[in-house]
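As a plain string of letters, each chain reads:
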Amino acid sequence: MIAQAIPSYALDLFLPRPFQVTGVRRETPDTVTLRLRSLHGDSLSFQPGQFNMLYLFGVGEVPISISGVHPKTRDLEHTVRAVGYVTRALVRLRKGDVVGLRGPFGRGWPLEEARGRDLLILAGGIGLAPLRPALQYLMAHRRDYEQIVLLYGARTPADLLYPTELERWRGRLDLQVFITVDRGDEAWRGHIGVVTTLLPLAERFLDLRQAIILMCGPEVMMRVAARELENRGVAPEQIFLSLERNMKCAVGFCGHCQFGPAFICRDGPVFPLPQIRPLLEVREL
Amino acid sequence: MADPEVRTPTGSLWRMEKAQLQTLMEKLTQQGYTIIGPRIQEGAIVYDEVHRISDLPIGWTDEQDGGSYRLKRRGDEAFFGYAVGPHSWKRFLHPPVFSLGRTRRNGQGFEWTPPADPPPRYAFLGVRACELHAIAILDRVFMGGPYVDPVYRARREALFLIAVQCTTAGGTCFCASMGTGPKAPPGADLILTELPDAFVVEIGTERGAALMAEIPCTPATEADRAAVEAHLEETARSMGRQLDTADLPALLYRNLEHPRWEEVAQRCLTCGNCTMVCPTCFCFTVEDLSDLAGTQAERVRRWDSCFTTAFTYTAGRPIRQSAKARYRQWLTHKLASWWDQFGTSGCVGCGRCITWCPVGIDLTEEVRAIRETDGALAGERR
Ligand SMILES: Cc1cc2nc3c(=O)[nH]c(=O)nc-3n(C[C@H](O)[C@H](O)[C@H](O)COP(=O)(O)OP(=O)(O)OC[C@H]3O[C@@H](n4cnc5c(N)ncnc54)[C@H](O)[C@@H]3O)c2cc1C
Ligand code: SF4
Ligand code: SF4
Ligand code: FES
């Protein structure tokens, strides 16, 4: 468990360890996937849905989900979208550069509990990043699960993450993938509209009322999707979502990530809907 | 050294001449403690290093009300004849600014040098009942969860605690409502009560017993005991404020959209004073700094406040943009969500946030207003 893995009496808890960038893959104009390997031979085991704090020397530190693990080298992957001070510097990193890393932190997706069930995965934008290791896990343990459907929405076709992998997933008979964009381009032949417009397609493959639903995306998207799902007879207990807040410590001390009674860093970022549902509807909480 | 089992067992009560407090302080210093206690600085009673009894605010008291604090001479020579000041013990256990480490590039990577100074060994002198509760609350925050904060723990574990029960209630105090005073809860090494001519000392721990065994004292009399009880009753009766805590978390949770939040936000300056003076507010931020050449960097943690807009900056904007949202976060955290997080209230009724609020916002009044119009919704009023 996480608690034992962290030394409790040393300041190590707050001091990132050096990791080298062993590869950079450009996903979209503003997003890259960094592959990281410890300079000290640390090996991290993590649950899909957990995150690390990535540190740039003297610049700052931000929470970034673990977006996968390299099948051969076991290097950890992190998909970063440039939106501000630290993330803009992170996407400029090149192979050989060094970052700091603390983690993994938080609670991940309930993949054990979902064994033997249908799964619906709903992702919006960069929200696919924390769900990618869940998909990788599910594909590696495919027989333990029933139907699996991925619904993924992005702003434009150029913003779709992991295009090669999406193609590969689309080719599988045991995984249904539906993609939509807010705005198409000349070449786009697919769906246009918000991700919830894909729900009727998902319902062709699974019974929503029996499925476990994992979602990550902008908070408005998740709020709308949760309502839409409940309207279709899904019980809140079936829905899990990953939340995002400012984080400074990742271990429940700094107070920044509070969302009502929850510390998102420690009690989340993945929550069952009933735990947070009334709070989701309160503005500026 | 005398055998504490025989001389001063835990729970026993002793009478100590006031001047002997000096001996007690000397013994603590000899044992390597840095003593922190009350002293007057810039017109207020604050907590700082004290070396002798003459450093204490002898003969002074504090007059407190919403947004006001004033020192006043007492008619007597009481050592601890005040309530609480703008400082809390928090600043010594959870320092306002703390360097977590310095780092420099080495070869491919970088290496951290954690702070070299050993953590201080403090003896706190003059800890109030509400403040003992506040420390117990911080214990839960920093040591009671899946992670333990090494900064807090190092200071906390070395701590020697000398409580002094209040014989005067402050104008903004409401510990009696919160069940946090004026009687000191267990936890202190020694618990003092000041009588006009002596201290009554209760032995709280074995450590306290060992120390008291070295101080001249006599067993407390029945009259001493009765005097202590009478003082505590009188203090409890003279609380400056009151808070009805019945069903408080649920009351606040069901009133997140109450118009009162908007009303208090009209007055609140979002200065964050209330969070700084509060003995339990624990939030901090982490800053990463580097030299101009970019070869050395430092990581510093610094007290932060949920009243700043930057506190919730996420995805291009602060989540709690309005003053209303920030005050609501603070109050509901203190009185409601703290229970869910740590199994206790986050407020001990010390009154500091009322006294040190520049505009005198009073949480007891805010709660009362919400309670009286329970269920009102913003937008319903004309
Ligand atoms: C659990 C978790 C997982 C995340 N996973 C990913 C991921 O896989 N990929 C990815 O690109 N992004 C992810 N994010 C968002 C990412 O942390 C922010 O984009 C990043 O913190 C922005 O920092 P900045 O310095 O570039 O931006 P600035 O706007 O300059 O940030 C200023 C401050 O606000 C904070 N902040 C700003 N936006 C966010 C935000 N959205 N979430 C949390 N703190 C924020 C920063 O930490 C910083 O303190 C995740 C956030 C959380 C909480
Ligand atoms: S909220 Fe106010 S009264 Fe309560 S403990 Fe904090 S400062 Fe004291
Ligand atoms: S309640 Fe008073 S002390 Fe607290 S932020 Fe508002 S104005 Fe400042
Ligand atoms: S990030 Fe510090 S408490 Fe969650």
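Conventions used here
- Residues numbered from 1 in each chain as written.
- Chains lettered and ligands numbered in written order.
- Predicted model: local features only at pLDDT ≥ 70, side-chain atom pairs only at ≥ 80, totals over all residues.
- Heavy atoms only, no water.
- Near = heavy atom within 4 Å.
- Helix = DSSP H or I, 4+ residues; strand = E, 2+ residues; numbered from the N terminus.
- Nonpolar A, V, L, I, M, F, W, Y, C, P; charged D, E, K, R; others polar.
- Contact = heavy atoms within 4.5 Å.
- Buried area = accessible area lost by both parts, 1.4 Å probe.
- Salt bridge = Lys/Arg side-chain N within 4 Å of Asp/Glu carboxyl O.
- Polar contact = N/O pair within 3.5 Å; in protein donor to acceptor, adjacent residues only side chain to side chain.
- Buried < 20%, exposed > 50% of the residue type's maximum accessible area, 1.4 Å probe, protein only.
- UniProt positions renumbered as here; feature names shortened; annotations may be inferred.

A.B. asks: Any details on the site of ligand 2? Residues and values, ideally.
C.D. replies: Residues and elements named next belong to chain B. In the vicinity of ligand 2 there are 13 residues, among which Cys-278, Cys-347, Cys-350, Gly-351 and Cys-353 approach most closely. Going through the elements one at a time, α12 (323–342) and α13 (352–355) are the ones with two or more residues in the shell around ligand 2. Here the shell around ligand 2 is built from residues that sort into nine nonpolar, two polar and two charged.

A.B. asks: Explain the interface of chain A and chain B residue by residue, including any values.
C.D. replies: Listed by partner, the interface residues are 46 residues for chain A and 59 residues for chain B. Summing the contributions of chain A and of chain B, the shared interface buries around 4,300 Å²; its carbon and sulfur component is 61%. Close ionic contact of A:Glu61 with B:Arg299 constitutes a salt bridge, the shortest N to O distance being 3.2 Å. Along the contact surface separating chain A from chain B lie 17 residue pairs in polar contact (both at pLDDT 80 or more). Only α1 (2–5), β1 (17–28), β4 (60–65), β7 (98–105) and β15 (262–263) of chain A provide two or more residues apiece to the side of chain A that touches chain B.

A.B. asks: Any chance you could break down the side chain of A:Thr31 for me, citing the residues and the numbers?
C.D. replies: Residue and element names in this part refer to chain A. Mapped onto the secondary structure, Thr-31 falls in strand β2 (residues 31–38). According to the relative accessible area criterion, Thr-31 is buried, its value standing at 2%. At a separation of 2.8 Å, a polar atom in the side chain of Thr-31 contacts the side chain of Asp-30.

A.B. asks: Explain the pattern of salt bridges to me, and be specific about the residues and the numbers.
C.D. replies: Residues and elements named next belong to chain B. The tally for this structure, following the rule as stated, stands at 51 salt bridges over all chains. Between Asp-247 and Arg-254 there is a salt bridge, with the nearest N and O atoms lying 3.7 Å from each other. The partner of Asp-288 in a salt bridge is Arg-299, with the nearest N and O atoms 2.9 Å apart. Here Asp-288 is found in strand β13 (residues 284–290), whereas its partner Arg-299 is found in strand β14 (residues 296–303), with eleven residues between them in sequence. Since its relative accessible area comes to 13%, Asp-288 is described here as buried.

A.B. asks: Mind laying out the site of ligand 1, listing which residues take part and the relevant values?
C.D. replies: Close contacts around ligand 1 come from 23 residues, with A:Pro63, A:Thr79, A:Arg81, A:Thr87 and A:Lys248 the closest. Around ligand 1, the nearby residues trace back to chains A and B. Between ligand 1 and A:Pro63, the relevant distance is 2.6 Å, taken from an oxygen atom to a main-chain nitrogen or oxygen of the residue. Contact distances for ligand 1 include 2.8 Å between a nitrogen atom and a backbone N or O atom of B:Ala315. Counting residues per element, the ones that place at least two in the shell around ligand 1 are β4, β6 (76–81) and α2 (85–90) of chain A together with β15 (313–314) of chain B. Counting residues per element, the shell around ligand 1 draws most heavily on β4(A), which supplies four residues.

A.B. asks: Tell me about the UniProt feature "domain: FAD-binding FR-type" (unreviewed entry) in chain A, and please be specific about residues and values.
C.D. replies: Under the local residue numbering, the UniProt record ascribes the feature "domain: FAD-binding FR-type" (unreviewed entry) to residues 14–111 of chain A. When the span residues 14–111 of chain A is considered, its composition is 6% helix and 49% strand, and the gap between its end C-alpha atoms is 29 Å.

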